[in-house]
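Survey of secondary and tertiary structure
Read off the chains here:
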Amino acid sequence: RVKRAGGGHASFQRHEDQRSYLRGERLSALHQALERNELQLYVQPKVDAERRTVVGHEVLVRWIRPSGIVSPLEFIPLAESSGLIGLIGRWVLRQAVDALKTGQLQEVCVNVSALELRESDFVAHLRWVLEERGVDPQRLWLELTERSLLEPRFIPVLHELKALGVRTALDDFGNGYSSLMALVNLPIQMVKIDRSFTAGIGEDTPDGLRALKVVRGIVALATAYGLLTVAEGVETPVQADLLMKAGCAYLQGYLFGRPAPLS
Ligand code: C2E
Ligand code: CA
Ligand code: CA
Ligand code: CA
């Protein structure tokens, strides 16, 4: 018994060693990716729900490796847990603001993780990047998740962003546990309805009708509080029409364009 327990522990230890080794390997590969310019901006259009014209783009970063394209779902968490997210976030931001400067993009939304907001000079750096390139802050949106917005210490940061003229959107709304009432009074300007809701509407089933009711409720409440609304993950014309009729201002999803290289 003792031997078995000991053996179990040793194998656990080996497993952990192997895991941290793999993590270390991937982390140094990600470091190199930044140096070797293997990260690339992809962009996805956002359209006006009624006119169906493109009003801006969301930046979605990709890691282009010789072996294939790595999804941010894979390397952003690694970057977050290792602190590398600060460097990646700043790189993404610079590229996005450059694209505004050259006129390649008119308006852009950049995803920002809670860990980036935590850096005391986040807003100062952002202001500097915009000033140095002479780009109007109104052309930049930041997408933040409720994880960021519910940290009381970030409220002053939201006010600073607002004063700077950079607008903020609550990303993935409905995906977490907070109620919209807890969020509508924050100094933000847009609510982004999570893809899980968009995917749920458009079917003539009890579930589909319930999802539609929830979406209508979110849009009505957000609008009543002066917030713009955008739905993500719109894949069918039926979803687009239902969202437009619900009063959703903007739409985003494969129906209008998949993320594609900025270049
Ligand atoms: P997100 O911000 O919620 O971005 C939306 C995700 O849904 C993107 O996945 C996008 O490609 C995908 N998507 C868009 N339209 C559709 C659709 O119609 N159907 C389906 N099935 N999917 C759709 P992606 O590009 O893999 O990004 C995943 C997540 O990685 C993003 O989720 C965001 O949280 C994070 N991320 C991406 N770029 C950055 C970045 O520069 N910085 C940070 N901090 N996070 C990023
Ligand atoms: Ca987003
Ligand atoms: Ca989202
Ligand atoms: Ca997300």
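Further up the page is the structure itself.
This write-up is about the structure you can find in this document. This one's a predicted model, so the numbers in the text were calculated from it and none came from an experiment.

So, the side chain of K46
Relative to the helices and strands, K46 is located in strand β1 (residues 39-48). There is no salt bridge for the buried K46, and the closest opposite charge comes from E107, which lies 4.2 Å off by N-O distance. The contacts of K46, once residues within four sequence positions are left out, are T53, V54, V55, G56, E107, C109, M190, V230, Y250, L251 and Q252.

Brief notes about the site of ligand 1
Around ligand 1, a shell composed of 23 residues is seen, among which Q44, R62, R195, E235 and Y254 lie nearest. Contacts to ligand 1 include D171, whose side-chain N or O atom sits 3.1 Å from an oxygen atom. Relative to its unbound accessible area of 800 Å², ligand 1 is 84% covered by the protein chains. For the shell around ligand 1, the secondary structure elements donating two or more residues are β2 (54-65), α2 (72-82) and β6 (167-173). When residues in the shell around ligand 1 are grouped by element, the largest group, four residues, is from β2. The residue inventory of the shell around ligand 1, partitioned by class, reads nine nonpolar, six polar and eight charged.

Focus: the state of the cysteines
The bond known as a disulfide is covalent and runs between the sulfur atoms of two cysteines. For the coordinates displayed, the defined rule picks out zero disulfides. In this structure C109 is not part of a disulfide, and its nearest cysteine sulfur, from C248, lies 13 Å away. Assessed through its relative accessible area of 3%, C248 is described here as buried.

Regarding the nonpolar core
Among the nonpolar cores identified, the biggest contains 74 residues, and L30, L39, V110, L126, L140, L142 and L251 are the most heavily contacted of them. Ranked by the residues each element gives to this core, the list is headed by helix α3 (residues 85-101), at nine residues. Apart from residues lying up to four places away in sequence, L30 is in contact with W63, F75, L78, A79, L84 and I88. Counting residues in hydrophobic clusters, the runner-up holds six residues, among them C109, A169, M190 and V230.

Each value, and the rule that gives it
Residues numbered from 1 in each chain as written. Chains lettered and ligands numbered in written order. Predicted model: local features only at pLDDT ≥ 70, side-chain atom pairs only at ≥ 80, totals over all residues. Heavy atoms only, no water. Helix = DSSP H or I, 4+ residues; strand = E, 2+ residues; numbered from the N terminus. Buried < 20%, exposed > 50% of the residue type's maximum accessible area, 1.4 Å probe, protein only. Lys, Arg positive; Asp, Glu negative; His and termini not counted. Salt bridge = Lys/Arg side-chain N within 4 Å of Asp/Glu carboxyl O. Contact = heavy atoms within 4.5 Å. Near = heavy atom within 4 Å. Polar contact = N/O pair within 3.5 Å; in protein donor to acceptor, adjacent residues only side chain to side chain. Areas by Shrake-Rupley, 256 points an atom, 1.4 Å probe, with all protein chains shown as cover. Nonpolar A, V, L, I, M, F, W, Y, C, P; charged D, E, K, R; others polar. Disulfide = S-S within 2.5 Å. Core = buried A, V, L, I, M, F, W, Y, C linked by side-chain atoms within 4.5 Å.

The quantities given are spatial measurements derived from coordinates; they are silent on function.
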